[in-house]
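So the chains spell out like this:
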There are 2 protein chains.
Amino acid sequence: MTSPVINSDNSVTFRIEAPKAGEVQVKGDWEANKGEGRLTKDKNGVWSYTTPVLPSEMYTYRFIIDGVAGIDPTNPFTCRDVGSIFSLFYINNGCADYYQVHEVPHGTVTTTWYHSNLLDLNRRLTVYTPPYYEKSNRSYPVFYLLHGSGGDETAWLELGRVVRILDNLIAEGKAEPMIVVMPNGNCSKEAAPGETSENLNFRPVMTNAIPGSYKNGKYEKSFPEIVNFIDSRYKTISEKNSRALAGLSMGGMHTLIISANYPDIFGYVGLFSAGVNFSQVNMQIPEYADLDAKLAAFSKTGYKLYWISVGNEDPLYPNNKELMARMDKVGLKYIFRESTRGHLWVNWREYMLQFVPMLFK
Amino acid sequence: MTSPVINSDNSVTFRIEAPKAGEVQVKGDWEANKGEGRLTKDKNGVWSYTTPVLPSEMYTYRFIIDGVAGIDPTNPFTCRDVGSIFSLFYINNGCADYYQVHEVPHGTVTTTWYHSNLLDLNRRLTVYTPPYYEKSNRSYPVFYLLHGSGGDETAWLELGRVVRILDNLIAEGKAEPMIVVMPNGNCSKEAAPGETSENLNFRPVMTNAIPGSYKNGKYEKSFPEIVNFIDSRYKTISEKNSRALAGLSMGGMHTLIISANYPDIFGYVGLFSAGVNFSQVNMQIPEYADLDAKLAAFSKTGYKLYWISVGNEDPLYPNNKELMARMDKVGLKYIFRESTRGHLWVNWREYMLQFVPMLFK
């Protein structure tokens, strides 16, 4: 038995053999029917459900059998989002074509460690180098890409499909060849859950903060250590307008603060559904203080792009509108792309498809 | 609710909230009670079971709820073995200490692509470089490490815990700093399931053969392309006695055939529960033909180590004994380490702890 099956009309049929179950539901992240469906049982004890026609996307889902959530047992393809494992599938002929592997030249993905003096930790990060990087004599621009709360240095790989997006956009000539650096934004942690010396004793949960880690300004302050490490290790173009910084949610807040505090490092800035609810932050911390003055100073640095996007159903939508009003007051020019939907990876992947082609042109 | 809980006596307690379930079992890969346990339900609908005391190891398990197998919903740590996802935990104070992350210098892990002219494919492989590799001016020996049937270039990372084993052995001074190369042994495939241009259309199953891929001699014939790629990309010591080749199961058969056909490439050879059931192979294929003569020739090449291990409960035990009888006849000297247990990752990780310290001394 195969599950899920992508039907020719782009509806999707789920199946599970569970003769003793009393109730089986599917819960996914598609918009139709709010991603919910009730499976029905046939005489052989096989439950099934077919979704409405779905637009192209990477989708994740779980089955809920008599109240217990789990992956689809016949689908070997999964991803972890914070502390939960989801099954996944793609609907083709649209944005999800960029999230899959094609017969194009492939970049290299490296997982390596840098030392942070400020954080007093060896810390892991992920680096994408574009096709032909190893053999080339040229230097490359660098895009620093930050994850959200609950995420880590693997999130943009697994859920963001960054490697495929870059390989495919570069192959189509829509993006410049670039290095992409994905650090870990939880500044009290060495690496992703299970990859630190805490091993399995730290379990990720969506609490919106790793204790002692977030909103204390330390990660933002330490960020030049990462830039210096990358400039020393890789063939980079070490100048403001050959560096981009973007992040989603917590990483959007990090991006705002890092770029404002270090106005000469990044020439391209992207806020993806940025977590800019300043009422939750101690704005007296030096890195957060005097934000308007810092944004005013940034506006005079000859930057190339300040890009903001947020979904119109995102709880952070009003916070982003307030931030843009402050930017308007101090004369910081930005591009705003309002999207549909909420605080979701479907949006962040699509923002990448819009943002990456604008870099380093 | 947390599950599993490692108790102070190294028994393990599993828990799951499933008030509507009629039967909950756990099935894992520990030896006590054959890895099986029946959970019992308390008045709140929480099922639990405590194992006997377990020896140090990395263990994988699934829950079976009313006949449906799935991961532990409260445990975020999983690994894929062929087409199934398992939850995992460690028992400390023994071999599993080597399978976890400690505060030692960490190597770098790279996922990159080489082109095979013989196989006419771009193919993915995984490379471990030891701590300080990037900054050093020296060259390093290289260990080529092959997976089994159903596996791919991620298997030794995920299930074999190679990165932690190497980091920890090197930190203790028990292993030489070395490069470890983990290619994909399914010669009709570009990469692991989900990472090829077939994307999710190819699903791994334990059929003991990817069609058109295994036992045709092509992968073995093409292997020098991988060695040449690594020698051109990395700082290697490019000589026989600075190269090792080992593999498990199908990869053990690959190791036997590659080293026999290219006797001047590898000075260290390791067969881990090797899949040397020659009755399943067309021994007329040039790479497999004349094996005794090739082994006799290998015995005269000045190699450093030929190491064989297999568990005394492994169905391949008699085949490995037969192979060693052939080696005895032609005068090929080897070290045989008979282990307990069967055709299992617990053995292959332990073989690594024995084999790696013998390399490049």
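The rules we used
- Residues numbered from 1 in each chain as written.
- Chains lettered and ligands numbered in written order.
- Predicted model: local features only at pLDDT ≥ 70, side-chain atom pairs only at ≥ 80, totals over all residues.
- Heavy atoms only, no water.
- Pairing = 2+ DSSP bridges.
- Helix = DSSP H or I, 4+ residues; strand = E, 2+ residues; numbered from the N terminus.
- Least-squares fit on C-alpha atoms with pLDDT ≥ 70 in both.
- Buried < 20%, exposed > 50% of the residue type's maximum accessible area, 1.4 Å probe, protein only.
- Lys, Arg positive; Asp, Glu negative; His and termini not counted.
- Salt bridge = Lys/Arg side-chain N within 4 Å of Asp/Glu carboxyl O.
- Polar contact = N/O pair within 3.5 Å; in protein donor to acceptor, adjacent residues only side chain to side chain.
- Contact = heavy atoms within 4.5 Å.
- Domains from an automatic or database assignment.
- Buried area = accessible area lost by both parts, 1.4 Å probe.
- Nonpolar A, V, L, I, M, F, W, Y, C, P; charged D, E, K, R; others polar.
- Phe/Tyr/Trp six-rings, centres within 6.5 Å; stacked < 30°, edge-to-face > 60°.
- Lys NZ or Arg CZ within 6 Å of the ring centre and 35° of its normal.
- Right-handed = clockwise from strand over helix to strand, strands pointing away.
- Axes fitted to C-alpha atoms, helices over the stretch in contact; angles between N-to-C directions.
- Parallel < 35°, antiparallel > 145°, perpendicular 65-115°, else oblique.
- Left-handed = near helix turned anticlockwise from the far one by under 90°.

Draft legend 1. Region of interest: the sheet that holds strand 1 (residues 5–6) of chain B. Residues and elements named next belong to chain B. Spatially, 1-2-6-5 is the arrangement adopted by the four strands of the open sheet, whose pairing is antiparallel. Among the strands making up the open sheet, the edge pair consists of strand 1 and strand 5 (40–41). For strand 5 and strand 6 (residues 46–50), the ladder comprises two bridges, and the chain directions are antiparallel. Note on strand 6: the bridge partner recorded for Thr 40 is Ser 48.

Draft legend 2. Highlighting the relation of the copies chain A and chain B. Rotating chain A by 180 degrees about the axis while translating it 0.0 Å along that axis superimposes it on chain B, leaving an RMSD of 0.0 Å. Given the turn and translation reported, the copies of this chain are related as if by a two-fold rotation axis. Judged by C-alpha distance, Thr 110 of chain A is the residue of chain A that lies nearest the rotation axis, at 2.1 Å.

Draft legend 3. Spotlight on the side chain of Lys 294 of chain B. Residue and element names in this part refer to chain B. On the secondary structure map, Lys 294 appears in helix 5 (residues 291–298). Nearest to the buried, unbridged Lys 294 among oppositely charged side chains is Asp 290, at 5.6 Å. Polar side-chain contacts of Lys 294 include one of 2.9 Å to the backbone oxygen of Pro 286. Reaching out from Lys 294, the side chain makes a polar contact with the backbone oxygen of Glu 287 at a distance of 3.2 Å. Leave out the neighbours within four places in its chain, and Lys 294 touches Ala 260, Asn 261, Pro 286, Glu 287, Tyr 288 and Ala 289.

Draft legend 4. Structural view of the domain arrangement of chain A. All names here are of chain A. When cut into domains, chain A gives domain 1 (5–91) and domain 2 (99–358). The C-alpha-based centres of domain 1 and domain 2 are spaced at 32 Å. The junction of domain 1 with domain 2 conceals about 1300 Å² of combined surface from both sides, 52% of it contributed by carbon and sulfur atoms. Along the contact surface separating domain 1 from domain 2 lie two salt bridges. Here Arg 80 makes a salt bridge to Asp 152, at a shortest N to O gap of 2.9 Å. Elements represented by at least two residues in the side of domain 1 that touches domain 2 include exactly strand 7 (57–65), strand 9 (78–81) and strand 10 (84–91). Looking at the side of domain 1 that touches domain 2, the element that brings in the most residues is strand 9, giving four residues. Broken down by class, the residue content of the side of domain 1 that touches domain 2 amounts to five nonpolar, two polar and four charged.

Draft legend 5. Representation of the interface of chain A and chain B. With 51 residues of chain A at the contact, the number on the chain B side is 51 residues. When chain A packs against chain B, the two sides together hide about 3900 Å² of surface, and 58% of this comes from carbon and sulfur. Among the residues of chain A in contact with chain B, Phe 77, Leu 200 and Arg 203 of chain A are the three that bury the most area, contributing 17% of the side total. Counting every contact that joins chain A to chain B gives four salt bridges. Mapped by element, the contributors of at least two residues to the side of chain A that touches chain B are strand 2 (12–17), strand 8 (68–70), strand 9, strand 10 and strand 11 (108–116) of chain A. If you tally residues by element for the side of chain A that touches chain B, the top one is strand 11 of chain A, at six residues. Pairing analysis gives three bridges linking strand 11 of chain A to strand 11 (residues 108–116) of chain B, with the strands arranged antiparallel.

Draft legend 6. Main features of unusual backbone geometry. Residues and elements named next belong to chain A. Of the consecutive residues Ser 3 and Pro 4, the connecting peptide bond is found in the cis state with omega at -5 degrees. Considering the arrangement of structural elements, one finds Pro 4 in the segment before strand 1 (5–6). Within the chain, Phe 360 stands out as a residue other than glycine whose phi angle is a positive 65 degrees. You can call Phe 360 buried: its relative accessible area is 11%.

Draft legend 7. Helix 7 (residues 345–355) of chain B, seen in detail. With nine of its eleven residues buried, helix 7 of chain B lies for the most part within the structure. Taken together, the buried positions of helix 7 of chain B are Trp 345, Val 346, Asn 347, Trp 348, Arg 349, Tyr 351, Met 352, Leu 353 and Phe 355 of chain B.

Draft legend 8. Region of interest: the environment of Ile 308 of chain A. All names here are of chain A. Looking at the element boundaries, Ile 308 is found in strand 17 (residues 305–311). Sequence separation between Ile 308 and Arg 337 is 29 residues; the distance between their C-alpha atoms is 6.3 Å. When sequence neighbours within four positions are dropped, the list of residues in contact with Ile 308 reads Leu 271, Asn 320, Met 324, Met 327, Tyr 334, Ile 335, Phe 336 and Arg 337.

Draft legend 9. Quick look at the sheet that holds strand 5 (residues 40–41) of chain A. Spatially, 1-2-6-5 (chain A) is the arrangement adopted by the four strands of the open sheet, whose pairing is antiparallel. One side of each edge strand has no neighbouring strand; the edge strands of this open sheet are strand 1 and strand 5 of chain A.

Draft legend 10. A look at the packing of aromatic side chains. One pass over the full model with this rule turns up 58 aromatic pairs over all chains. Plain terms: the ring middles of Tyr 268 of chain B and Phe 360 of chain B are 5.1 Å apart, the flat faces sit at 70 degrees to each other, and that makes the pair edge-to-face. Taken together, the residues Tyr 268 of chain B in strand 16 (residues 268–272) and Phe 360 of chain B in the segment after helix 7 connect sequence positions 92 residues apart. Grouping residues by exposure puts Tyr 268 of chain B and Phe 360 of chain B together as buried. An aromatic cluster is present here, built from Phe 143, Trp 156, Phe 272, Trp 307, Trp 345, Trp 348, Tyr 351 and Phe 355 of chain A joined pairwise through their rings. A cation sits over an aromatic face here: Arg 349 of chain B above Tyr 99 of chain B, 5.4 Å from the ring centre.

Draft legend 11. Structural context of the environment of Ala 21 of chain A. Checked against the element boundaries, Ala 21 of chain A lands in the loop between strand 2 and strand 3 (24–28). Sequence separation between Ala 21 of chain A and Ile 65 of chain A is 44 residues, and the spatial gap between their C-alpha atoms is 6.7 Å.

Draft legend 12. Structural detail: the pattern of salt bridges. Counted according to the given criterion, the structure contains 26 salt bridges over all chains. A salt bridge links Glu 198 of chain A to Lys 189 of chain A; its shortest N-O distance comes to 2.8 Å. Given a relative accessible area of 32%, Glu 198 of chain A falls into the partly exposed group. Under the relative-accessibility criterion, Lys 189 of chain A is labelled buried at 9%. Overlapping salt bridges, with partners in common, bring together Arg 124, Glu 153 and Glu 195 of chain A together with Arg 164 of chain B in one network.

Draft legend 13. Structural context of the pairing of strand 17 (residues 305–311) of chain B. Residues and elements named next belong to chain B. The buried fraction of strand 17 amounts to seven of the seven residues, a majority that puts the element mostly inside the structure. With burial as the criterion, each face of strand 17 is covered, one bearing Leu 305, Trp 307, Ser 309 and Gly 311 and the other bearing Tyr 306, Ile 308 and Val 310. In this sheet, strand 17 lies alongside strand 16 in parallel orientation, the contact comprising five bridges. Bridge pairing links Gly 270 to Trp 307 in strand 17. With helix 5 bridging strand 16 and its parallel neighbour strand 17, the resulting β-α-β unit is right-handed. Inspection of the sheet shows strand 17 paired to strand 18 (residues 335–339) by five bridges, in the parallel sense.

Draft legend 14. Representation of the packing of helix 5 (residues 291–298) of chain A against helix 6 (residues 317–330) of chain A. All names here are of chain A. With their axes 9 Å apart at the nearest point, helix 5 and helix 6 run at an angle of 60 degrees to one another. Between helix 5 and helix 6, the angle is such that the two are oblique. The hand of the helix 5/helix 6 crossing is right-handed. Where helix 5 abuts helix 6, its residues Leu 291, Asp 292, Leu 295 and Ala 296 lie against Leu 323, Arg 326, Met 327 and Val 330. Partitioned by chemical class, the residues of the contact of helix 5 with helix 6 number six nonpolar, no polar and two charged.

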